[in-house]
Amino acid sequence: DIRVYRVRPDWKTGDLRDDAANTLLKRLDQVTDDDIAMMRSQYESDWNEWPAHKGAPYVELNNVPGYQPDGDIPGIAGADQTIWYVANDLGGNATVYGSPSIGLEMQMTLWAYSSELFSNIIFKRVRLIYKGTLDSREGSKIKDMYIVQWSDPDLGEYSDDFAGCDTSLSLGYIYQSSQSDPLYFNRYGLPPPAVGYDFLQGVKVPSPGDTAIFDFRYLPGYRNLPMTTFTYFAAGGARSDPDLGRYSGTKQWYNLMRGCEPRPEYPSCEPFTDSLGRVTRFELTGDPVAGTGDLDGRLLPPGDRRLVLATGPFDMALGDTQEVVIATVAGLGGDNLSSVAIMKNNDKFA
């Protein structure tokens, strides 16, 4: 039962040819009837075995406690497809950035809608539960924690991209540095799109008199934090990726989360400086459509970009749950800059 679960309400009658092509890495004209039958069988299994008891969301319809596949609907209410899986930090952490396991469980829910209005938006809820390990002591607490949306997006041809952010939207994004991208034009005859990540719902922190959103409900006495840091890596730039396989990598990442250069590592803090010479927690806040402000390309040429969006700090006591909701939003205009404008409009709609 440890797997990625995927459901869609029309699995019995819907056209699953595209699902099979994506799952099996085939062209549409290569998909067979057996492939489609396999997809329908998998959807049936995921519907019947939907792991609501582990935390997967579902719509209660029959007023019987718990999930019943013949009476309730698995997934997010109204979504045309929902994906859910669970993971934890109990193995392999040290090989990544040298950090020991502390007993964090992550529940990932992704959902989308087939409506044209939502056709360029994918929603993602990341829920973290501090369950601890066998060695965790009563009263254990994670202090000044952050959650990061990290991405290494290759927008078509990877070597000619720019990055940017919009603090008013809690949005970090990638766009093409020129009007045309070789991959999109040569393969699809299209101008380049723009793609971004938005903290629609940041972590909740105590705030008397305010109201946050948590678990799709209003939560009085709290507020949701916005994006609190945006930075990026650029191939060929002075800032290199945190050290892999060593605890220094963890401390370098923590610096990035709080608006500091990764080196010298935590507890030192050398703040970010943008292309206009200003100290900031948010790099590349300029408007590429208007050509104003702190823009990518002034310090480094176009190239491979990696995005870092952070929200925090917050505390988690043993047994606590936190979550963020993130939208992945795309926009396609007539050229690289109009795609940025359309992507931001789609983000506002999200």
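This is a predicted model, so every value here is computed, not measured.

## As for the packing of helix H1 (residues 17-24) against helix H2 (residues 33-48)
At a closest axis distance of 9 Å, the pairing of H1 and H2 adopts a crossing angle of 90°. By the angle between their axes, H1 is roughly perpendicular relative to H2. Packed against H1, whose contacting residues are Arg17, Asp19, Ala20, Thr23 and Leu24, the element H2 presents Asp35, Ile36, Met38, Met39 and Tyr43 at the interface. Partitioning the contact of H1 with H2 into residue classes produces six nonpolar, one polar and three charged.

## Structural notes on the sheet that holds strand S17 (residues 321-331)
Strand order in the open sheet formed by eight strands is S1-S4-S5-S6-S17-S10-S9-S8, with antiparallel pairing between adjacent strands. Edge positions in the sheet fall to strand S1 (5-7) and strand S8 (161-166), since each has one partner strand and no second. For this sheet, the mean inter-axis angle between neighbouring strands, taken without regard to orientation, is 15°. Bridging between S1 and strand S4 (residues 81-88) involves three bridges; their strand directions are antiparallel.

## Thoughts on the side chain of Arg127
One can find Arg127 in strand S6 (residues 121-130). Polar side-chain contacts of Arg127 include one of 3.0 Å to the side chain of Asp215. Side chain to side chain, Arg127 and Glu323 meet in a polar contact 2.9 Å long. Setting aside its immediate chain neighbours within four residues, Arg127 contacts Glu105, Met106, Gln107, Asp215, Thr321, Gln322 and Glu323.

## Concerning the state of the cysteines
Inspection of every chain in the model, using the stated rule, returns one disulfide. Between Cys260 and Cys269 runs a disulfide, and the two sulfur atoms are separated by 2.0 Å. Where Cys260 bonds to Cys269 through sulfur, the torsion about that S-S bond is close to -80°, and the disulfide is left-handed. Left unpaired, Cys165 is separated from the closest cysteine sulfur, that of Cys260, by 16 Å.

Procedures and definitions
By convention here, each chain's residues receive numbers from 1 onward along its written sequence. Two thresholds apply to this predicted model, a pLDDT of at least 70 for residue-level local features and 80 or more for giving and counting side-chain atom pairs, whereas whole-chain, interface and lining totals are computed over all residues. Hydrogen atoms and water are omitted, and side-chain values are computed over all heavy atoms in the structure. Each axis is a line fitted through C-alpha atoms, taken for helices only over the stretch in contact, and angles between the N-to-C directions span 0 to 180 degrees. Think of it this way: any DSSP run of H or I at least four residues long counts as a helix, any run of E at least two long counts as a strand, and we number them from the N terminus. Working rule for angles: under 35 degrees goes down as roughly parallel, over 145 as roughly antiparallel, 65 to 115 as roughly perpendicular, anything else as oblique. Here a residue-residue contact requires only that any non-hydrogen atoms of the pair lie within 4.5 Å. Amino acids outside the nonpolar list (Ala, Val, Leu, Ile, Met, Phe, Trp, Tyr, Cys, Pro) and the charged list (Asp, Glu, Lys, Arg) are all regarded as polar, and Gly is one of them. Any two strands with at least two DSSP bridges between them are considered paired. Polar contacts, as used here, are pairs of N or O atoms within 3.5 Å; protein pairs need one atom able to donate a hydrogen and one able to accept it. Residues neighboring in sequence count only if both atoms are side-chain atoms. A pair of cysteine sulfur atoms is labelled a disulfide when the two atoms are within 2.5 Å.

Honestly, it's all geometry; don't read function into it.
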